[in-house]
Amino acid sequence: MRHLIDPMDLSVEDIDRLLNLADDISKHPEKYREVCRYKKLATLFFEPSTRTRLSFEAAMLELGGSVLGFSSADSSSAAKGESIADTARTVACYADIIAMRHPKEGAPYVASQFVDIPIINAGDGGHNHPTQTLTDLLTIRREKGRLDHFTIGFCGDLKFGRTVHSLIKALSRYDDINYIMISPEELQIPEYLKKDVFERKGIPFREVEKMEEVMPELDIIYMTRVQRERFFNEADYVRLKDSYILDMDKLKNAKEDLSILHPLPRVNEISVKVDQDPRACYFRQALNGKHVRMALIMDLLGVSADED
Ligand code: CP
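Named according to an unreviewed UniProt entry, the chain is Aspartate carbamoyltransferase originating from Anaerostipes butyraticus. The UniProt entry for the chain carries the following text under Pathway (unreviewed entry): "Pyrimidine metabolism; UMP biosynthesis via de novo pathway; (S)-dihydroorotate from bicarbonate: step 2/3." Looking at the Sequence similarities (unreviewed entry) heading of the UniProt record, one finds this comment for the chain: "Belongs to the aspartate/ornithine carbamoyltransferase superfamily. ATCase family."

And the structure:
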């Protein structure tokens, strides 16, 4: 793997290797404090971010490397009309690895065609978010002890939610997973995922509108925010934004070992009272994102910790 653009760039073996390394990093951080000394990560964020950008930056700093970059298109020469290709070629003169977030689907792929350093897709439009997928897989493995044999419900904006699209693709390689899509009709998963992932591989899935209907069956519920920035019409967003609110009342019928995931940011779709429930995994998930991004940076840069 030279770049990470799409979750399918990761084989199951790649995922195992990265998650194992992330586990070791979290247990023995001292082993990894200097592995990226003199290496530079550029974070090119053309769209807002808290977790992805800051966890990438923290990851590189904890590996002993340095960080440079920008956090909005307005503060880069993109605001003057510079192309993605020219931006990438320029930044490749200053950095050893790039994490890029962009509102246009495919932008990190375009960048990867013009540089010889690794490009990581940190989210492209409503398309993919492969490092969130690694975060989610690490979270599922840490919470459940496995990446197969469970029932997962994806809930909310399944149309625009890139984290959902990427996680579904990655999970489609694992056995015996029951998928339940919980969304209003207008926010169902895109047709290409239904055809290319579920139908092509013969994997069944259910689509329902009511969360309560399926709550007792779920081992994992993956909540999502309705993606205001992807709507063409504010009135549609306002009508749909509170379609699902997970609160303690709805959890009454849930399994005792349910895992509640959310890529965050949350707007209103999980009541803050749920945060105290041990089944709420989403802040542990945010921490896992740093560990797995440390592992990914090391892997793409080809560095390892010296073993004594
Ligand atoms: N999960 C995630 O991508 O969060 P940010 O938008 O804060 O990076």
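Next comes the rest of the account.
Feature annotation in UniProt assigns "binding site: carbamoyl phosphate" (unreviewed entry) to the following positions: Arg51, Thr52, Arg101, His129, Gln132, Leu264 and Pro265. Along the polypeptide, His129 turns up in the loop between β4 (119-124) and α5 (130-144). Using a relative accessible area of 3% as the deciding quantity, one classes His129 as buried. Not counting chain neighbours up to four residues away, the residues in contact with His129 comprise Thr52, Arg101, Ala122, Gly123, Arg162, Thr163, Ser166 and Arg293. With respect to the helices and strands, Gln132 occurs in helix α5. For Gln132, a relative accessible area of 5% corresponds to the buried category.

Bringing the packing of α5 against helix α6 (residues 162-171) into the picture now. Viewed as axis vectors pointing N to C, α5 and α6 meet at an angle of 60 degrees, and their least axial separation amounts to 8 Å. Between α5 and α6, the angle falls in the class oblique. You can see that α5 and α6 cross each other, and the crossing is right-handed. For the pair α5 and α6, contact is made by Pro130, Gln132, Thr133, Asp136 and Leu137 and by Thr163, Ser166, Leu167, Ala170 and Leu171, respectively.

Another point: the site of the ligand. Taken together, Ser49, Thr50, Arg51, Thr52, Arg101, His129, Gln132, Pro263 and Leu264 make up the full set of residues adjacent to the ligand. Here an oxygen atom of the ligand sits 2.9 Å away from a polar atom, N or O, in the side chain of Arg101. Separating a nitrogen atom of the ligand from a side-chain N or O atom of Gln132 is a distance of 3.0 Å. The fraction of the free accessible surface of the ligand (250 Å²) that becomes covered by protein chains is 91%. Classifying every residue of the shell around the ligand by side-chain character gives two nonpolar, five polar and two charged.

Rules used in this analysis
- Residues numbered from 1 in each chain as written.
- Predicted model: local features only at pLDDT ≥ 70, side-chain atom pairs only at ≥ 80, totals over all residues.
- Heavy atoms only, no water.
- UniProt positions renumbered as here; feature names shortened; annotations may be inferred.
- Helix = DSSP H or I, 4+ residues; strand = E, 2+ residues; numbered from the N terminus.
- Buried < 20%, exposed > 50% of the residue type's maximum accessible area, 1.4 Å probe, protein only.
- Contact = heavy atoms within 4.5 Å.
- Axes fitted to C-alpha atoms, helices over the stretch in contact; angles between N-to-C directions.
- Parallel < 35°, antiparallel > 145°, perpendicular 65-115°, else oblique.
- Left-handed = near helix turned anticlockwise from the far one by under 90°.
- Near = heavy atom within 4 Å.
- Polar contact = N/O pair within 3.5 Å; in protein donor to acceptor, adjacent residues only side chain to side chain.
- Areas by Shrake-Rupley, 256 points an atom, 1.4 Å probe, with all protein chains shown as cover.
- Nonpolar A, V, L, I, M, F, W, Y, C, P; charged D, E, K, R; others polar.

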